[in-house]
Amino acid sequence: MYRFLLTPRWWGINLFAVLAIPLCVFMGTWQLGRFEDRVQSHEQAAKQPAPGARAAEPLDDLLPVDTVTSGRPATATGRYADQFLVPGRELDDRSGFYVLNMLRTDGGKALPVVRGWLPGRPGHTPVPAAPTGEVTVTGDLQASENTGTDGVDTAGGLPDGQLGMISAASLVNLVPYDVYDAWVTLQDTDSSAAAGDGTLRPVPAVAPQGSGLDLKAFQNLGYTGEWFVFAAFVLFMWFRLVRREAEAARDVKLGLVPDTDTDAGTRTA
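Treat the numbers as computed from the prediction; the structure is a model and nothing was measured.

**Q** Summarise the overall build of the protein chain; cite the residues concerned and give the values.
**A** Helix and strand content of the protein chain: five helices and six strands. Walking the protein chain from its N terminus toward its C terminus, one meets helices and strands in the order α-β-α-β-β-β-β-α-β-α-α. When burial is assessed residue by residue, the protein chain has 33% of its 269 residues classed as buried. The contacts of the protein chain with a sequence gap of at least 6 include a subset with a gap of at least 24, amounting to 64%.

Below, the structure is given as structure tokens:
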């Protein structure tokens with residue numbers, strides 16, 4: 001009754017099922033592993049002290065920025081050089097901008113330093129001058145921004161002296177020196193005075209991407225279910241087709257339906 005499984009047409013169906021089911025199971029298992037990795041990293045991060053509460057370390061010792069070093073206090077020594085204003089940044093539901101200065105280190109490479117946040121619009125709000133001479137800064141380390149970062153301006157066309165995205169890729173086109181692929185945000189900006197009188201307010205460090213149970217983690221879990229459903233669907237459809245073909249062959253054998261191949265040969269003769 002099941003000899004039809006050896007026909008060329010069924011060889012194709014069987015091959016598809018044999019390849020599709022393991023592939024779906026593999027992809028589902030891989031997505032589940034990604035979800036478990038994110039859960040594990042979240043649990044590990046929860047056990048660690050807050051990054052900002054740790055002792056400050058030299059900048060070079062914390063690079064490159066990853067989920068472990070992001071938010072850690074970093075120190076660097078140099079002289080402030082070019083200044084940029086980063087518009088469209090909110091703090092406490094108020095619109096404003098970041099004040100960013102390039103810190104030229106002794107090695108010649110520059111570190112983007114966000115000295116603080118001011119309300120209003122760049123060019124319309126007075127900006128406190130950066131310290132002169134050699135300074136040592138301590139700020140929370142952050143990874144370079146990308147197009148998915150909140151507040152980033154990717155439209156372009158900003159006036160001179162303004163920056164849409166804090167990243168080495170953006171800054172290397174604006175300054176004549178090398179730039180660290182990272183930046184720091186100062187937390188000591190004398191924020192005791194009320195904002196609005198020209199006093200810089202500290203910009204809180206943000207959590208590194210992929211370090212917790214974010215939307216991507218639950219997307220991995222959803223994809224896991226989808227791949228397993230696909231595997232079950234392929235298996236279900238294969239059994240359904242086999243059963244229907246077997247029932248059709250049985251009906252022909254019992255004479256309940258005419259054998260189309262036999263009838264076609266009789267008509268031809």
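**Q** Which residues make up the pattern of salt bridges, and what are the values?
**A** Inspection of the entire model under this criterion finds four salt bridges. Measuring nitrogen to oxygen at the nearest pair gives 3.0 Å for the salt bridge that ties Arg-9 to Glu-245. With Arg-9 in helix H1 (residues 8-47) and Glu-245 in helix H4 (residues 215-253), the pair connects residues that are 236 residues apart, well separated along the chain. As a salt-bridge pair, Arg-72 and Glu-57 come within 2.5 Å of each other at their nearest N and O atoms.

**Q** I'd like a rundown of the pairing of strand E5 (residues 134-142), residues and numbers included.
**A** In the sheet, strand E2 (residues 73-91) pairs with E5 via seven bridges, with the strands oriented antiparallel. Residue Pro-73 lies in a different strand from E5, and its bridge partner there is Asp-140. As paired elements, E5 and strand E6 (residues 183-186) share four bridges and run antiparallel to each other. Bridge pairing in E6 places Gly-139 opposite Leu-186.

**Q** Kindly report on the layout of surface pockets, identifying the contributing residues and their values.
**A** Approximately 600 Å³ is the volume found for the largest pocket. Looking at the largest pocket, it is lined by 25 residues, and the ones nearest its centre are Gln-142, Glu-145, Thr-149, Val-206 and Ala-207. Here the lining of the largest pocket is composed, by residue class, of 10 nonpolar, 10 polar and five charged.

**Q** Give me the lowdown on the environment of Val-99, citing residues and values where you can.
**A** Within the secondary structure, Val-99 is located in strand E3 (residues 94-105). What makes Val-99 buried here is its relative accessible area of 0%. With 63 residues separating them along the chain, Val-99 and Gln-162 place their C-alpha atoms 9.5 Å apart. If we ignore the near neighbours within four places in the chain, the residues touching Val-99 are Gln-83, Phe-84, Leu-85, Val-113, Val-114, Arg-115, Gly-116, Leu-118, Val-127 and Leu-200.

**Q** Quick one: what's the story with a nonpolar patch on the surface, residue by residue and with numbers?
**A** Together, Leu-15, Val-18 and Leu-19 give the surface a local cluster of nonpolar side chains, amounting to about 310 Å² of exposed area. Among the secondary structure elements, Leu-19 is positioned in helix H1. Owing to a relative accessible area of 55%, Leu-19 belongs among the exposed residues under this scheme.

**Q** A description of the nonpolar core should follow, citing residues and the corresponding values.
**A** Note on soluble globular proteins: their nonpolar side chains tend to be buried together. The biggest cluster of nonpolar side chains holds 18 residues, and the ones touching the most others in it are Phe-84, Tyr-98, Leu-100, Met-102, Val-114 and Ile-166. Residue assignment for this core shows that the elements contributing at least two residues are E2, E3, strand E4 (110-119) and helix H3 (168-171). Beyond its immediate stretch of four places on either side in the chain, Leu-100 contacts Asp-82, Gln-83, Phe-84, Val-86, Pro-112, Val-113, Val-114 and Ile-166. With 15 residues, the next largest nonpolar core counts Tyr-80, Leu-111, Val-113 and Val-135 among its residues.

**Q** Can you explain the packing of aromatic side chains? Please cite residues and give values.
**A** Summed over the entire model, instances satisfying the criterion amount to three aromatic pairs. With a centroid separation of 6.3 Å and 55° between ring planes, the pair formed by Phe-35 and Phe-218 is classed as tilted. Here Phe-35 is found in helix H1, whereas its partner Phe-218 is found in helix H4, with 183 residues between them in sequence. Between Trp-227 and Phe-230, the ring centres sit 5.8 Å apart and the planes meet at 90°, which makes this aromatic pair edge-to-face. Within this pair, Trp-227 and its partner Phe-230 are both found in helix H4, separated by three residues, close to a single helical turn. Sitting over the face of the ring of Tyr-177, Arg-104 holds its NZ or CZ atom 4.1 Å from the ring centroid.

Rules used throughout
- Residues numbered from 1 in each chain as written.
- Predicted model: local features only at pLDDT ≥ 70, side-chain atom pairs only at ≥ 80, totals over all residues.
- Heavy atoms only, no water.
- Helix = DSSP H or I, 4+ residues; strand = E, 2+ residues; numbered from the N terminus.
- Buried < 20%, exposed > 50% of the residue type's maximum accessible area, 1.4 Å probe, protein only.
- Contact = heavy atoms within 4.5 Å.
- Salt bridge = Lys/Arg side-chain N within 4 Å of Asp/Glu carboxyl O.
- Pairing = 2+ DSSP bridges.
- 1 Å grid on protein atoms, 1.4 Å probe; cavity = no way out; pocket = protein on both sides within 12 Å on 5 of 7 lines; lining within 4 Å.
- Points joined across faces, edges and corners; volume = space filled by probe spheres on them.
- Nonpolar A, V, L, I, M, F, W, Y, C, P; charged D, E, K, R; others polar.
- Patch = residues over 30% accessible without salt bridge, like charges linked within 9 Å, V, L, I, M, F, W, Y side chains within 5 Å.
- Areas by Shrake-Rupley, 256 points an atom, 1.4 Å probe, with all protein chains shown as cover.
- Core = buried A, V, L, I, M, F, W, Y, C linked by side-chain atoms within 4.5 Å.
- Phe/Tyr/Trp six-rings, centres within 6.5 Å; stacked < 30°, edge-to-face > 60°.
- Lys NZ or Arg CZ within 6 Å of the ring centre and 35° of its normal.

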